[in-house]
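# Report on the structure
For reference, the chains in residue letters:
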Amino acid sequence: MEFIVYEQKGAYGIITISREKALNALNSSVLDELSATLDAVNLDEVRCLILTGAGQKSFVAGADIGEMSTLTKAEGEAFGKKGNDVFRKLETFPIPVIAAVNGFALGGGCEISMSCDIRICSDNAVFGQPEVGLGITPGFGGTQRLARLVGAGMAKQMIYTARNIKADEALRIGLVNAVYTQEELMGAAEKMAAGIAKNAPIAVRNCKKAINEGLDADMDAAIVIEEKLFGDCFETEDQRYGMAFFLDKNKEKVKEPFKNC
Ligand code: CAA
């Protein structure tokens, strides 16, 4: 891998997009490597992922403008599909993904963060969809996910004006869940990942599936999705152990890690 660093730390993994000289901009190679990295995650051991960017300045400064500058209409569409396919893989990845946004998250950078389950950022983070200033639309899901996350009115304002927003405004509009200092960001992300990883893995995965699939369905269909995934947890060793532990009134007992089965 030239542009992706992957590190497994016990029950969680950290994916770092590492193309610092171009502020971690996404070219085709970065997208291919990210896809291959996701395919290689050991899902028997890893229960949560963190996605971040290398360096102190940028999470991801967008899709690679140099690579896009000479594309034909057909190539532009294919490049959009390439990004969308990888981002959808991230969004539907079986385990939760936390975006630790450590600086610029512009265009494709804002879009990749929105494909993650949870976004937290450092106080130097800048979010935006500058595409219309470059003569294109957001192309890696921005026209769809931003409106779903912050509402159509705010999404349209950000996309039509191409105005970047700082971390405090991203927090105010609900684009990120929390803002930390640069020094604190990764510690906070790792603490959250470890906290997620210690909960029953089948239940956490089913929660992700229920929320994601339910959001795309009407309420009658959505609650049926929930019922099925709720039912799916029963008879697992983790459900039996988790409930038996609660019901056991022995206060001295220490909770064992869940086994993922
Ligand atoms: N693509 C390619 N290269 C990029 C890049 C990008 N998106 N963003 C930054 N770079 C490169 C710069 O060209 C520069 O390279 P050189 O050193 O070889 O000149 C290097 O990264 C450092 O960048 P700057 O010198 O510009 O750094 P800065 O601190 O002055 O500015 C910045 C930082 C405000 C993020 C600025 O780099 C910038 O505006 N970048 C482009 C942001 C952008 O428009 N992103 C959206 C891309 S379109 C998109 O993503 C479409 C989509 O939805 C799929």
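For the structure, check the block above.
To start, this report covers the structure provided alongside it. Everything numeric here is computed off the predicted structure, so don't read it as measured data.

## Structural notes on the overall build of the protein
Helix and strand content of the protein: 11 helices and 10 strands. Relative to a compact globule of 261 residues, whose C-alpha radius of gyration would be 18 Å, the protein shows 19 Å and is just as compact. Dimensions of the protein, computed from the C-alpha atoms along their principal axes, are close to 65 × 40 × 35 Å. Residues counted as buried form 46% of the 261 residues belonging to the protein. Taking all contacts inside the protein whose residues are at least 6 apart in sequence as the whole, residues at least 24 apart take part in 70%.

## With respect to the pattern of salt bridges
In a structure, side chains of opposite charge can pair up when their charged atoms sit close to one another. What the rule picks out here adds up to 13 salt bridges. Between Asp39 and Lys89 there is a salt bridge, and its shortest N-O distance comes to 2.8 Å. With a gap of 50 residues between them, Asp39 in helix α1 (residues 28-40) and Lys89 in helix α3 (residues 73-91) connect regions that are remote in the sequence. Salt bridges sharing partners connect three or more residues here, namely Arg88, Glu91 and Arg145.

## Notes on the site of the ligand
Around the ligand, the structure places 23 residues, and the nearest of them are Lys57, Ala63, Gly108, Glu111 and Glu131. Lys21 is positioned such that a nitrogen or oxygen atom in its backbone is 3.4 Å from an oxygen atom of the ligand. A distance of 2.7 Å separates an oxygen atom of the ligand from a polar side-chain atom of Glu131. Burial of the ligand by the protein amounts to 61% of the accessible area it has alone, namely 980 Å². Every element with two or more residues in the shell around the ligand is listed here: α2 (65-68), β6 (104-106) and α4 (108-114).

## Here we look at the layout of surface pockets
Looking at the largest pocket, its volume works out to about 980 Å³. Lining the largest pocket we find 32 residues, and of these Glu91, Asp117, Ile211, Asn212 and Leu215 sit closest to its centre. Elements with a contribution of two residues or more to the lining of the largest pocket: α3, β7 (118-122), α5 (142-150) and α9 (201-215). The element best represented in the lining of the largest pocket is α9, accounting for 10 residues. Residues of the lining of the largest pocket, tallied by class, amount to 12 nonpolar, nine polar and 11 charged. Empty space within the second largest pocket amounts to approximately 530 Å³. Forming the walls of the second largest pocket are 26 residues, and the residues nearest its centre are Met68, Phe79, Glu131, Ile136 and Thr137. Those elements that provide at least two residues to the lining of the second largest pocket are α2, α3 and α4. If one sorts the elements of the lining of the second largest pocket by residue count, α3 sits on top with five residues. Class assignment of the residues belonging to the lining of the second largest pocket gives a composition of 12 nonpolar, 10 polar and four charged.

## A few points about unusual backbone geometry
Of note, the phi angle at Leu23 is positive, near 50 degrees, even though the residue is not glycine. Relative to the helices and strands, Leu23 is located in the loop between β2 (12-17) and α1. The partly exposed category is assigned to Leu23, whose relative accessible area is 26%. A positive phi angle, near 60 degrees, is found at Ala162, a position not held by glycine. Turning to its location among the elements, Ala162 is positioned in the loop between α6 (152-161) and β9 (165-166). Exposure remark for Ala162: the relative accessible area of 22% places this residue in the partly exposed category.

## Some details on the pairing of β7
With respect to burial, β7 is a largely interior element, four of its five residues being buried. As paired strands, strand β5 (residues 97-101) and β7 are joined by four bridges and run parallel to one another. Along β7, the bridge assignment pairs Ala100 with Ile120. In this structure, β7 lies alongside strand β10 (residues 178-180), joined through three bridges in parallel fashion. Directly across from Ser122, in β10, lies its bridge partner Tyr180.

## Here we look at the environment of Lys89
Exposure remark for Lys89: the relative accessible area of 25% places this residue in the partly exposed category. A sequence separation of 54 residues divides Lys89 from Ser35, and the C-alpha atoms of the two residues are 7.6 Å apart. Not counting chain neighbours up to four residues away, the residues in contact with Lys89 comprise Ser35, Leu38 and Asp39. A polar contact of 2.8 Å, which involves the side chain of Lys89, links it to the side chain of Ser35.

Cut-offs used in this document
- Residues numbered from 1 in each chain as written.
- Predicted model: local features only at pLDDT ≥ 70, side-chain atom pairs only at ≥ 80, totals over all residues.
- Heavy atoms only, no water.
- Helix = DSSP H or I, 4+ residues; strand = E, 2+ residues; numbered from the N terminus.
- Rg over C-alpha atoms; globule rule 2.2 N^0.38 Å.
- Buried < 20%, exposed > 50% of the residue type's maximum accessible area, 1.4 Å probe, protein only.
- Contact = heavy atoms within 4.5 Å.
- Salt bridge = Lys/Arg side-chain N within 4 Å of Asp/Glu carboxyl O.
- Near = heavy atom within 4 Å.
- Polar contact = N/O pair within 3.5 Å; in protein donor to acceptor, adjacent residues only side chain to side chain.
- Areas by Shrake-Rupley, 256 points an atom, 1.4 Å probe, with all protein chains shown as cover.
- 1 Å grid on protein atoms, 1.4 Å probe; cavity = no way out; pocket = protein on both sides within 12 Å on 5 of 7 lines; lining within 4 Å.
- Points joined across faces, edges and corners; volume = space filled by probe spheres on them.
- Nonpolar A, V, L, I, M, F, W, Y, C, P; charged D, E, K, R; others polar.
- Pairing = 2+ DSSP bridges.

These figures come from the coordinates and say nothing about function on their own.
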